Amino acid sequence: MLNAPRLSIRHGRLIDPASGHDAVADIHLAEGRVLAIGAAPSGFQPDRTLDARGQVVCPGFVDLCARVREPGLEQKATIASEGRAAAASGVTTLCCPPDTRPVIDNPAVARLIHQISKRHGLTRVLPIGAMTVGLEGQSITEMAALKLAGCPALGQADRPIRDTQVQRRALEYAATFGLPVFLLPLDPELSAGGCAHEGIVGTRLGLPGIPEAAETVAVARDLALAEQTGARIHFRGLSTARGVEMLAEARARGVRASGDVALHQLFLSEHDLEHFDANCHLVPPLRTPADRDALRDALAEGVLTAVCSDHQPHDPDAKLGPFPETAPGLSGLETVLPLALRLVADGVLDLMGMIERLTVGPAAILERDLGRLAPGAAADLCVFDPEAVWTPSPDTWISQGRNTPFMGRELRGRVSWTLLGGRIVFER
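One structure accompanies this document, and this report is about it. (Residues numbered from 1 in each chain as written. Predicted model: local features only at pLDDT ≥ 70, side-chain atom pairs only at ≥ 80, totals over all residues. Heavy atoms only, no water.)

Focus: the environment of Cys308
Alright, step 1. As for its placement among the helices and strands, Cys308 is situated in strand 16 (residues 306–308).
Alright, step 2. The class for Cys308 is buried, based on a relative accessible area of 1%.
Alright, step 3. In this structure, the C-alpha to C-alpha distance between Cys308 and Gly38, residues 270 residues apart in sequence, is 31 Å. (Helix = DSSP H or I, 4+ residues; strand = E, 2+ residues; numbered from the N terminus. Buried < 20%, exposed > 50% of the residue type's maximum accessible area, 1.4 Å probe, protein only.)

Put into structure tokens, the structure is as follows:
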């Protein structure tokens, strides 16, 4: 971006997982790109210098699943409102699932989302194209046209294809065009009507259950189809120990499959439903503490190569009423950094590994040259204070959706600056 200022960020702890760099160093930016790391080039005069002493400087975060609700559901959120939340959270690239209204099943909708996000200029929004027309699971979309319109991947949001033959044909076409496919591992028949994990807590509370098999049956089917078709699949939001075991086994055999986990699944469990907090009504549901620990292990071992927010902002009315009747999902962008840092504090990952799962890990799944700080790379950066303590409140929450179970809880880690293409899009 030619209108980006010339910037120097000095004295920060520069962490770049792509190169393995972890040291206190200056970084210099010009024309929207990384110009140099360390000493400034001869004659370089920055328009502004940021003092990052005591802070971490890393690539901007890449979020594989964050709903912006626009077009069609602006009463819940907009690209502008969630762009502000993303920028305040260090997220410079986010993937928008195709369940907008209208659905992202044609190039016009994909281009509209690109145009709106570029106009606001707060975060890079990548629309995920629908695999089937209207997400109805019947007719395959024009995948080549969606790719040309800027869709880096295809998916069905939370509406899996029921017909296995249609699923197979969709994966074959996606493989033809070199498009990865994002799949929510959830069997629609086994999960129908459920709102909680089928276990001791949900049963005691009288909540309709979603069994572990709803995930494992879907994982088994999709791994078999990926092996048959040669398609590259990505499981979006695994939630069970057995699900990640099956992924690890398939990867060891050479199946082109990857997986991520929503950050809240690494901290919450079915026991958080005890008080019927509708902000804990999620799909996939919160599972057992054993599942949660297995997800942490899979992240540490590299079976899961990315974490994401699974951001789903809702208007207040959507979370009112009896628990099973409320809309599933939580507002997750603004807790990405503090929850990720808690994984470091808990010894699940070191700081380098945590940043890798937020940057170059998800970028590799998208096959996009993002999430790195080498000279010449796009100047998407996050500067954060790992020791800053804060408490989310309705007055300070930026997303239009305030549906988070972490409201009022003390968190550690806060973004100071976010840069997109060398421009400061957030400054605390």
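Picking up where we left off.
Overview of the pairing of strand 17 (residues 381–390)
Alright, step 1. Most of strand 17 sits out of view: seven of its ten residues are buried.
Alright, step 2. In the sheet, strand 5 (residues 56–59) pairs with strand 17 via four bridges, with the strands oriented antiparallel. Paired with Val56 across the strands is Phe384, a residue of strand 17.
Alright, step 3. When strand 17 meets strand 18 (residues 411–420), the two strands line up antiparallel, connected through seven bridges. Among the inter-strand pairings, Cys382 is bridged to a residue of strand 18, identified as Thr418. (Pairing = 2+ DSSP bridges.)

What about the nonpolar core?
Alright, step 1. Ranked by size, the top nonpolar core spans 91 residues in total, and within it Leu223, Leu266, Leu304 and Phe384 carry the most contacts.
Alright, step 2. A total of six residues in this core trace back to one element, the largest contributor, which is helix 10 (residues 336–345).
Alright, step 3. Aside from chain neighbours lying at most four places away, what touches Leu304 is Leu238, Val244, Leu247, Gly259, Asp260, Val261, Leu295, Ala298, Leu299 and Arg357.
Alright, step 4. Judged by nonpolar contacts, the second largest core, of 16 residues, contains Ala25, Val57, Ala379 and Leu381. (Core = buried A, V, L, I, M, F, W, Y, C linked by side-chain atoms within 4.5 Å. Contact = heavy atoms within 4.5 Å.)

Details of helix 8 (residues 241–252)
Alright, step 1. Over its twelve residues, helix 8 runs 17 Å from end to end, which matches the ideal 16 Å to within 8%, given 1.5 Å per residue.
Alright, step 2. Residues Ala241, Gly243, Val244, Met246, Leu247 and Ala250 constitute the buried set of helix 8.
Alright, step 3. Packed against the buried residues of helix 8 are helix 7 (213–229), strand 14 (233–235), strand 15 (257–262) and helix 9 (289–301).
Alright, step 4. Looking one or two residues beyond helix 8, the residue adopting positive phi is Gly254, at roughly 95°. (Expected span 1.5 Å × (residues − 1).)

Quick word on the sheet that holds strand 7 (residues 91–96)
Alright, step 1. Spatially, 6-7-8 is the arrangement adopted by the three strands of the open sheet, whose pairing is parallel. The open sheet is flanked by strand 6 (61–63) and strand 8 (124–127), the only strands paired with a single partner. Going from strand to strand, the sheet's axes swing by 15° on average, the running direction of each strand aside.
Alright, step 2. The pairing of strand 6 with strand 7 spans three bridges and is parallel. Bridging from a neighbouring strand, Val62 pairs with Thr93 of strand 7.
Alright, step 3. Across the face of the sheet, helix 2 (residues 107–120) comes into contact with strand 7 and strand 8 while running at roughly 175° to strand 8. (Axes fitted to C-alpha atoms, helices over the stretch in contact; angles between N-to-C directions.)

Let's talk about the side chain of Thr123
Alright, step 1. Along the chain, the position of Thr123 falls in the loop between helix 2 and strand 8.
Alright, step 2. Separated by 3.2 Å, the side chain of Thr123 and the backbone oxygen of Thr92 make a polar contact.
Alright, step 3. Apart from the residues lying within four places of it in its own chain, the contact partners of Thr123 are Gly83, Ala86, Val91, Thr92, Thr93, Leu94, Ser117 and Leu420. (Polar contact = N/O pair within 3.5 Å; in protein donor to acceptor, adjacent residues only side chain to side chain.)

Geometric values such as these leave the question of function open.
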